[in-house]
Amino acid sequence: MTTKTAEGGDRDREAAIEGVKKVLVEKGIEFLLGVWVDTFGRAKAKFVPIEGAEKLLAGDGPLYGVHALEAMGNYGPADPDQSVLPDLDSLLVCPWDPRVAWFSSDIIWRDKTPYPVCSRTVLKRQIARAADLGLQLKVGIEPEFYLFQEDQDGKLAPFSTTDSGATVAYDVGATFAAMPFMSDLVEAFHALDWPVGCFVHEGGHGQYEFDYGFDDALVTADHWIFIKEMVRRIAVKHDAVVTFMPKPFDDSMRSGAHYNMSLWDIAAATNVFEDHNDPRGLGLSQLAYQFVAGQLAHAKAITAVTCQTVNSYRGLTDASGIAGLADENSWAPVGITYGVNNRSAMMRLPDGRACVESRATDSSCNIYLGLAMSLAAGLDGIERGLDPGDPITERLYGMTPERRTALGFERLPGTLGEAIDAFEADEIVADVFGTELRQEYLNAKRGEWQASLLHTPQWDRDRYFNLG
């Protein structure tokens with residue numbers, strides 16, 4: 001469960017730590033994790049026995065050579081180490097091992113100043129920027145993942161043994177076959193006092209999605225890092241393996257993690273995206289349209305973060321009209337535009353919800369950085385009074401460049417290389433990431449793209465081996 005430790009933030013940290021220590025004892029906690037994430041969104045921590053709780057919670061716990069990891073700082077082996085500062089309000093007891101308490105944490109220097117290459121801190125800066133305007137970002141994500149098991153030949157196969165046929169989305173039989181895993185996952189959510197709206201077999205063989213509501217952006221990001229580990233641990237119980245890789249096989253549907261975003265007036269606790277007098281007739285406010293316009297203005301740079309891998313762009317494809325291919329069936333976004341319930345656009349205005357959905361996101365991304373970029377872009381749209389134009393109602397798959405130009409929008413990046421070039425050129429990136437993290441991310445992702453070009457996939461051999 002989540003435990004609040006300070007009412008209104010008025011209690012000092014020392015007193016709050018004493019309160020948390022009592023909760024830990026009451027719950028029989030034996031080990032603590034002050035969890036931070038690397039630049040690519042992977043959870044990291046040292047396990048601390050309960051007797052070290054006070055030092056860890058005060059930010060004086062174990063030291064890390066964070067900068068030894070890729071893209072985590074341009075420092076060397078002679079430079080100082082770092083520690084972490086746990087968010088006391090983020091306490092979660094791990095349902096898969098109730099002996100362990102998990103705290104989402106910021107990376108800090110030993111003098112308690114922020115470490116410049118900490119993605120959680122990056123998101124917190126943008127949240128503070130929104131708060132200065134009296135606004136709070138709330139986010140719900142739609143996480144998708146693949147669940148596999150080894151077959152008799154030792155190859156990965158869908159966990160659901162009845163997962164067959166061309167159209168498996170919403171398949172009842174395939175979902176029943178995965179119930180041993182899914183019911184354990186729902187039980188874990190309930191142990192955390194988190195409601196589960198629904199879960200479903202998605203369009204890919206062995207692909208699942210679950211709906212668990214929305215919350216403050218930082219809470220949503222913290223919970224998603226925790227949930228990814230929870231899904232992995234539960235999979236292990238069932239001799240299964242889970243992947244958040246966007247497109248694990250050629251015939252896989254893309255795994256997205258769409259951001260459903262809304263801004264709220266902090267003082268009034270109201271959704272400022274909602275306006276029943278919307279002249280466009282869509283029930284959204286001018287602020288919401290400006291937020292959307294900001295997403296579109298910085299779409300390519302955002303995509304370099306929300307779709308951070310070479311593999312991400314194997315799912316952001318537009319294969320309509322190409323013989324033997326029908327990738328439009330995955331409904332991946334391809335256009336830098338928005339539409340009412342138009343899933344082929346980057347930004348969708350969902351039916352019946354006063355929020356905007358960014359679809360150019362996937363389950364592999366560092367959610368702290370992805371949300372930071374999205375929020376910064378939206379605030380830029382608001383501050384500059386941008387307008388996104390009219391929504392696009394046409395299906396964007398197979399659309400010619402001439403038609404896109406006539407409608408006034410561009411295509412989303414087709415490769416990580418294209419996206420990272422846009423990331424480098426976009427003026428808001430340095431403000432969001434900071435100079436050091438921007439350069440670290442740029443170097444890592446450009447290197448990743450260049451490395452991918454050095455490898456020859458089987459497709460090349462199949463197509464070109466006897467050519468010429």
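That block above? That's the structure.
Residues numbered from 1 in each chain as written. Predicted model: local features only at pLDDT ≥ 70, side-chain atom pairs only at ≥ 80, totals over all residues. Heavy atoms only, no water.

What follows deals with the packing of helix α3 (residues 119-132) against helix α6 (residues 217-237). One can describe the packing of α3 onto α6 by two numbers: an axis separation of 10 Å at closest approach and a directional angle of 160 degrees. Considering the angle they form, α3 stands roughly antiparallel to α6. Between α3 and α6 lies a crossing whose hand is right-handed. Mapping the contact onto sequence places Arg120, Leu123, Lys124 and Ile127 in α3 and Ala217, Leu218, Ala221 and Asp222 in α6. Per-class residue counts for the contact of α3 with α6 are five nonpolar, no polar and three charged. (Axes fitted to C-alpha atoms, helices over the stretch in contact; angles between N-to-C directions. Helix = DSSP H or I, 4+ residues; strand = E, 2+ residues; numbered from the N terminus. Parallel < 35°, antiparallel > 145°, perpendicular 65-115°, else oblique. Left-handed = near helix turned anticlockwise from the far one by under 90°. Contact = heavy atoms within 4.5 Å. Nonpolar A, V, L, I, M, F, W, Y, C, P; charged D, E, K, R; others polar.)

Another aspect to go through is the pattern of salt bridges. Summed over the entire model, instances satisfying the criterion amount to 23 salt bridges. We note a salt bridge from arginine 99 to aspartate 97, for which the minimum N-O separation is 2.8 Å. Among the salt bridges present, the one from arginine 348 reaches glutamate 357, with a minimum N-O distance of 3.1 Å. Each member of the pair, arginine 348 together with glutamate 357, is buried. Taken together, the shared-partner salt bridges connect Asp87, Asp106, Arg120, Lys124 and Asp222 into one network. (Salt bridge = Lys/Arg side-chain N within 4 Å of Asp/Glu carboxyl O. Buried < 20%, exposed > 50% of the residue type's maximum accessible area, 1.4 Å probe, protein only.)

Here we take up the side chain of aspartate 38. Note on placement: aspartate 38 falls in the loop between β1 (31-37) and β2 (43-44). At 2.9 Å, the side chain of aspartate 38 and the backbone nitrogen of phenylalanine 40 are in polar contact. Apart from residues no more than four positions distant in its own chain, aspartate 38 is found in contact with Lys44, Leu69, Met72, Ser119 and Asn366. (Polar contact = N/O pair within 3.5 Å; in protein donor to acceptor, adjacent residues only side chain to side chain.)

The next subject is the side chain of glutamine 126. Considering the arrangement of structural elements, one finds glutamine 126 in helix α3. By relative accessible area, which is 5% here, glutamine 126 ends up buried. If we skip the residues at most four places from it in the chain, glutamine 126 touches Ala372, Leu375, Ala376, Leu379, Asp431 and Val432.

Before going further, it helps to spend a moment on the packing of aromatic side chains. The tally for this structure, following the rule as stated, stands at 25 aromatic pairs. Look at tryptophan 109 and tyrosine 115: their rings are 5.0 Å apart centre to centre, the planes differ by 70 degrees, and that puts the pair in the edge-to-face class. Each member of the pair, tryptophan 109 together with tyrosine 115, is buried. In textbook terms, an aromatic cluster arises when at least three aromatic residues are bridged by ring pairs, as seen for Trp96, Trp102, Phe145, Phe159, Phe181, Phe189, Trp194, Phe210, Tyr212, Trp224, Phe226 and Phe244. (Phe/Tyr/Trp six-rings, centres within 6.5 Å; stacked < 30°, edge-to-face > 60°.)

If you check helix α9 (residues 367-383), its first and last C-alpha atoms are 24 Å apart, about what 17 residues at 1.5 Å a residue would give, namely 24 Å. Most of α9 is tucked away, with 16 of its 17 residues classed as buried. With a side-chain oxygen lying 3.0 Å from the backbone nitrogen of tyrosine 368, the N-terminal cap of α9 falls on asparagine 366. In the stretch just after α9, glycine 385 is the one whose phi turns positive, near 65 degrees. (Expected span 1.5 Å × (residues − 1).)

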